[in-house]
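Now for the letters of each chain:
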Amino acid sequence: MTEDPIYDVAIVGYGPTGATAANLLGRLGLQVVVIERDPDIYGRARAISTDEEVMRIWQSVGLADRLQRDMLPGRPLTWVDADGVPFIETKMTSRGCGHPPQQFIYQPAVDQVLREGVARFDNVRLLLEHECLRVADQDSCVELVLADLRSDTLRRLRASYVIAADGGSSPTRGLLGVGYAGRTYTERWVVIDTEVIREWDRHDWLRFHCNPERPTVDCPTPLGHHRWEYPARAGEDEKKLVTDEAVWQVLHDQGITEEHVKILRAVIYSHHVRVADRWRVGRVFLAGDAAHAMPPWIGQGMSAGVRDAANLCWKLAAVIRGQAPDSLLDTYQVERKPHVVEVTRRAVRTGRLITERRKWLAWLRNHLLRNLTRLPGVLEIAEKLIWIPDARYPVGFFAADAHAAVGWQLPQPWVTNSDGEKVRLDDVIGGRWAVIHLGEVPPGAELWEKLGALTLSVSDLGDDDGALTRWLRAKKAAAVVLRPDGFVYAAASAGGPLPAPPFATPVHAGVTA
């Protein structure tokens, strides 16, 4: 058995959650090892969409613009009845994160770019074709025993902390004995991935075919791909459902022929609603599908995992550097779980709307929503009910001043940097603690500056469209302290002081370009 040095963080699993964590920790200068059983990127597209908050996270590691080139933003969403007539048509509206609010992806392309990003960091080591067999939490580290699947040998390594991002069936979660409560729906779904040969009218629209006989999701994906999903009916043979003959029967019913697409693959899967009992066991943390699973109706499964990584990684860095106590890491689940539960609830609600099988209720749904959504403001209200909840943590690692701005994610407008260039706000802040203020520098800001926090005036930033000013005034905040993940740690009203920092050591050391 070979033995490696001690790493700061070991990441088990190299999907989007694990790769995002590797980029975040690599940028922070930590010594990281990534353990992945498979030799290469998983070829089947699973996630099909993402949102502006996730793009903001990928922006923080310098990958958003490259990822954007392979995405399909700003596409309409439509719900249609059994005759194909729309009863809802809409587009998601921006919440001010500086990226398209909702867009479609081809996951293998996303995975490739994230892995190319990791390759920039010499402090991140990859162990592909390695399987984690044992995770033992010790006093000051975690010991992992790995099987090298290429040489059929064992390897032992140690890490101060472990992020288990190894999927819904997470072997690491099983090794830790953590429960995964919830349910798996009995209804099985057929997923058809295709390559587009010839485009058709509105091929780049997302359609929810709300047909009681066969509810179907008709989803565009970029880079010349398209996907359909529909449930298996009672009594249907699942093996026959994935044959080309059965697939073409469904596609022909929607006017799609062999001239339009080439079938790449057809698989069967189940929808899950599950949440792990604990997201932390000693020095091991569950993230992504290992911590939670949700139905695909609002396309947030992958995105939730990326949010997990963004919440956890800066906290790990602070603890490993000795800037914060280990108890800071207990706020990971406290902050993330309520958001995940609410996203899951909305996904389930949207799925029920789409898959209603009772014809009389489907008829009522169609007519009611068709008429309601013609009224001013109704679509905006509906979006708040079905789309992701606001980026806000009601409880967690925040100052105890109960200010209305605390816990919210600050918007990200375009601003002017010191060179006179138009850039996104986060690119100016650079993932550091920061004090953003209107007017005079608030009392207490000097304590943050001594520890390395950035202090920025909204007027100096060139808030051309007034987005920051409007947001701060709406929250009655003259100044805010931002955490490295862009959430407001503390705030002060006009003339009021900022609270003292929670750290006694520099808060920005170790960030690499």
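Cut-offs applied
- Residues numbered from 1 in each chain as written.
- Predicted model: local features only at pLDDT ≥ 70, side-chain atom pairs only at ≥ 80, totals over all residues.
- Heavy atoms only, no water.
- Buried < 20%, exposed > 50% of the residue type's maximum accessible area, 1.4 Å probe, protein only.
- Helix = DSSP H or I, 4+ residues; strand = E, 2+ residues; numbered from the N terminus.
- Polar contact = N/O pair within 3.5 Å; in protein donor to acceptor, adjacent residues only side chain to side chain.
- Pairing = 2+ DSSP bridges.
- Contact = heavy atoms within 4.5 Å.
- Axes fitted to C-alpha atoms, helices over the stretch in contact; angles between N-to-C directions.
- Phe/Tyr/Trp six-rings, centres within 6.5 Å; stacked < 30°, edge-to-face > 60°.
- Patch = residues over 30% accessible without salt bridge, like charges linked within 9 Å, V, L, I, M, F, W, Y side chains within 5 Å.
- Areas by Shrake-Rupley, 256 points an atom, 1.4 Å probe, with all protein chains shown as cover.
- Salt bridge = Lys/Arg side-chain N within 4 Å of Asp/Glu carboxyl O.
- Domains from an automatic or database assignment.
- Buried area = accessible area lost by both parts, 1.4 Å probe.
- Nonpolar A, V, L, I, M, F, W, Y, C, P; charged D, E, K, R; others polar.

The next point concerns helix α2 (residues 52-60). Burial runs high along α2: eight of the nine residues are buried. What α2 keeps buried is the set Glu 52, Glu 53, Val 54, Met 55, Arg 56, Ile 57, Trp 58 and Gln 59. Capping the start of α2 is the job of one residue whose side-chain oxygen sits 2.9 Å from the backbone nitrogen of Glu 53: Asp 51.

Strand order across the open sheet formed by eight strands is β6-β5-β13-β14-β15-β12-β16-β19, with mixed pairing between neighbours. Looking at the sheet topology across the chains shown, the edges are occupied by β6 (86-90) and β19 (292-293). Bridge count for strand β5 (residues 77-80) against strand β13 (residues 206-209) is four bridges, and the pairing is parallel. In the sheet register, Val 80 faces β13, and the bridge partner there is His 209. Together, β5, β12 (180-196), β13, β16 (261-276) and β19 form the strand contacts of helix α9 (residues 331-354), whose direction differs from that of β16 by roughly 125°.

The next point concerns the packing of aromatic side chains. With the rule as written, the count across this model stands at 14 aromatic pairs. For the ring pair Trp 314 and Trp 433, a centre distance of 5.9 Å and an interplane angle of 80° mean the geometry is edge-to-face. Taken together, the positions of Trp 314 in helix α8 (residues 301-320) and Trp 433 in the loop between α12 (425-429) and β22 (434-437) put the pair 119 residues apart, joining distant regions of the chain. Trp 314 gets classed as buried once you look at its relative accessible area, which sits at 9%.

What follows deals with a nonpolar patch on the surface. Together, Trp 360, Trp 363 and Leu 364 line one region of the surface with nonpolar side chains, adding up to about 390 Å² of accessible area. If you trace the backbone, Trp 363 turns up in helix α10 (residues 359-372). Under the relative-accessibility criterion, Trp 363 is labelled exposed at 53%.

Another aspect to go through is the environment of Arg 183. As for its position among the elements, Arg 183 is in strand β12. Separated by 172 residues in the primary sequence, Arg 183 and Ile 11 place their C-alpha atoms 27 Å from one another. Excluding residues that lie within four positions of it along the chain, Arg 183 makes contacts with His 271, His 272, Val 273 and Arg 274.

When the domains of the protein chain are assigned, the result is domain 1 (7-73 + 100-180 + 275-349) and domain 2 (408-492). Taking only C-alpha atoms into account, the centre of domain 1 sits 28 Å from that of domain 2. Across the domain 1/domain 2 interface, buried area totals approximately 930 Å², and carbon plus sulfur atoms make up 35% of it. Considering only the surface of domain 1 that becomes buried against domain 2, Arg 56, Gln 59 and Trp 314 emerge as the three largest contributors, covering 69% of it. Between the two partners, domain 1 and domain 2, sit three salt bridges. One salt bridge connects Arg 424 with Asp 65, and the closest N-O pair in it is separated by 3.4 Å. Viewed at the interface, domain 2 and domain 1 are joined by eight residue pairs in polar contact (both at pLDDT 80 or more). Breaking the side of domain 1 that touches domain 2 down by element, the ones donating at least two residues are α2 and α8. Element by element, the count of residues in the side of domain 1 that touches domain 2 is highest for α8, at four residues. Its residues assigned to classes, the side of domain 1 that touches domain 2 shows two nonpolar, two polar and six charged.

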